[in-house]
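Survey of secondary and tertiary structure
Here's the letter readout for the chains.
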2 protein chains.
Amino acid sequence: MCGTGHSREDGVRIGELASRTGVSVRSLRYYEEQGLLASTRSASGQRHYTAGEIDRVALIQRLYAAGLSSRTIAELLPCVHSPSEENSDAAMERMAQERDRLSAHIADLIRTRDTLDELMVINRAHRESLQMAHSH
Amino acid sequence: MCGTGHSREDGVRIGELASRTGVSVRSLRYYEEQGLLASTRSASGQRHYTAGEIDRVALIQRLYAAGLSSRTIAELLPCVHSPSEENSDAAMERMAQERDRLSAHIADLIRTRDTLDELMVINRAHRESLQMAHSH
DNA sequence: CTAGAACCTCACATCCATGTCAGAGGCAAC
DNA sequence: GTTGCCTCTGACATGGATGTGAGGTTCTAG
């Protein structure tokens, strides 16, 4: 009577997760292959995801964008979702390490942006001087 | 009497430039192939670089690190070194565009760093609570 | 002159997240 | 049933900066 068929909390399929997160189906399967993302399988083998996986995918994307490799992300994620002594131990260190690397990278990018700004200022100056010379 | 042989300003060879900039010889040749770097050739075909090229290589590296492609860098560099009306015209726009992209990327990275910080805080909290429970 | 280091070109290899395609099966609607 | 869309696995392709090696020339030190 009310449509979609699965009324219980058995989660969404991969296409749905893809469109919700903006990540391609291909990439979601890849994440699973790399151990970044878990899925429960239906009897016929189709992947099902819970609402929590949406946030997880978002986090994965952010970490990718920050330059972490899938291997590194795989090291950090378990620490995120089940903070026990075991994984915390080494993962915390890597986490701090990646944080520092990221921080350094940000500083570097800011310096590069400043350089670009300077170049643009210089160029504008040249431009104006040319225009002046033109309309002497 | 004073060593190196070439007393005039005929510049350094590629190995020297590589060690001065920390960029591999392979990459320097690649930069030239992409039109990012100029070199004068000796009679026998060996590349010679002037002191200015050192800075240029450094800038190229910075732009690469900022996520620009060699094609984009190639568009910007002429504008940097010879700011005439022609190249300024389109290149300035691209420059502003890349600057904005970079700015957005920086903001994104900062948010990701904050996320990492939060995760570390949470983890530390879990850790301490575990330790407390352990030494009840 | 000669040995070794540096250089040349050309070309193929690597990494890694994604894209893309093929062939097969699952699921809902008509 | 059949049509159409979604999903599955597996495999090959892509792009871009860089590594690496072969085969040959050039430079420099002894």
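Coordinates for the structure precede this section.
First things first, this report covers the structure right here in the doc. Not measured: the values here are computed from a predicted model. (Residues numbered from 1 in each chain as written. Chains lettered and ligands numbered in written order. Predicted model: local features only at pLDDT ≥ 70, side-chain atom pairs only at ≥ 80, totals over all residues. Heavy atoms only, no water.)

Quick notes on the packing of aromatic side chains
Aromatic rings considered in pairs are described by the distance between their centres and by the relative angle of their planes. In this structure the tally under the stated criterion is three aromatic pairs over all chains. Pairwise contacts between aromatic rings join Tyr30, Tyr31 and Tyr64 of chain B into one cluster. (Phe/Tyr/Trp six-rings, centres within 6.5 Å; stacked < 30°, edge-to-face > 60°.)

What about helix H3 (residues 51-65) of chain B?
All names here are of chain B. Between its terminal C-alpha atoms H3 stretches 22 Å, which fits the 21 Å expected from 15 residues at 1.5 Å a residue. Those residues of H3 that fall on the buried side of the exposure criterion are Glu53, Arg56, Val57, Leu59, Ile60, Arg62 and Leu63. Just downstream of H3, Gly67 is the residue with a positive phi angle, here 90 degrees. (Helix = DSSP H or I, 4+ residues; strand = E, 2+ residues; numbered from the N terminus. Expected span 1.5 Å × (residues − 1). Buried < 20%, exposed > 50% of the residue type's maximum accessible area, 1.4 Å probe, protein only.)

Considerations on the pattern of salt bridges
On inspection of all chains with the given rule, the structure shows 17 salt bridges over all chains. Of the charged contacts, one joins Arg41 of chain B and Glu32 of chain B as a salt bridge, the two residues approaching to 3.3 Å between their closest N and O atoms. Where salt bridges share partners, they join Glu32, Arg41 and Arg47 of chain A into one cluster. (Salt bridge = Lys/Arg side-chain N within 4 Å of Asp/Glu carboxyl O.)

Notes on the interface of chain A and chain B
Counting from both sides, the interface comprises 36 residues of chain A and, opposite them, 36 residues of chain B. Two residues, Asp108 of chain A and Arg62 of chain B, come together in a salt bridge whose shortest N-O distance is 4.0 Å. For the side of chain A that touches chain B, the secondary-structure elements that each account for two or more residues are helix H3 (51-65), helix H4 (70-81) and helix H5 (85-134) of chain A. The dominant element in the side of chain A that touches chain B, judged by the number of residues it contributes, is H5 of chain A, at 27 residues. In terms of residue class, the side of chain A that touches chain B is made up of 18 nonpolar, eight polar and ten charged. (Contact = heavy atoms within 4.5 Å. Nonpolar A, V, L, I, M, F, W, Y, C, P; charged D, E, K, R; others polar.)

Observations regarding the protein's contact with DNA strand D
By nearness alone, 21 residues border DNA strand D, and Gly15 and Arg47 of chain A together with Ser24, Tyr30 and Ser44 of chain B come closest of all. For DNA strand D, the fraction of protein-proximal atoms (within 4 Å) that sit in sugar or phosphate groups is 76%. At a separation of 2.5 Å, a phosphate oxygen of DNA strand D approaches a polar backbone atom of Gly15 of chain A. Between a phosphate oxygen of DNA strand D and a side-chain N or O atom of Arg29 of chain A, the distance comes to 2.9 Å. Listed by contribution, the elements that provide at least two residues to the surface near DNA strand D are helix H1 (14-21) and helix H2 (25-33) of chain A together with helix H2 (25-33) and H3 of chain B. (Near = heavy atom within 4 Å. Polar contact = N/O pair within 3.5 Å; in protein donor to acceptor, adjacent residues only side chain to side chain.)

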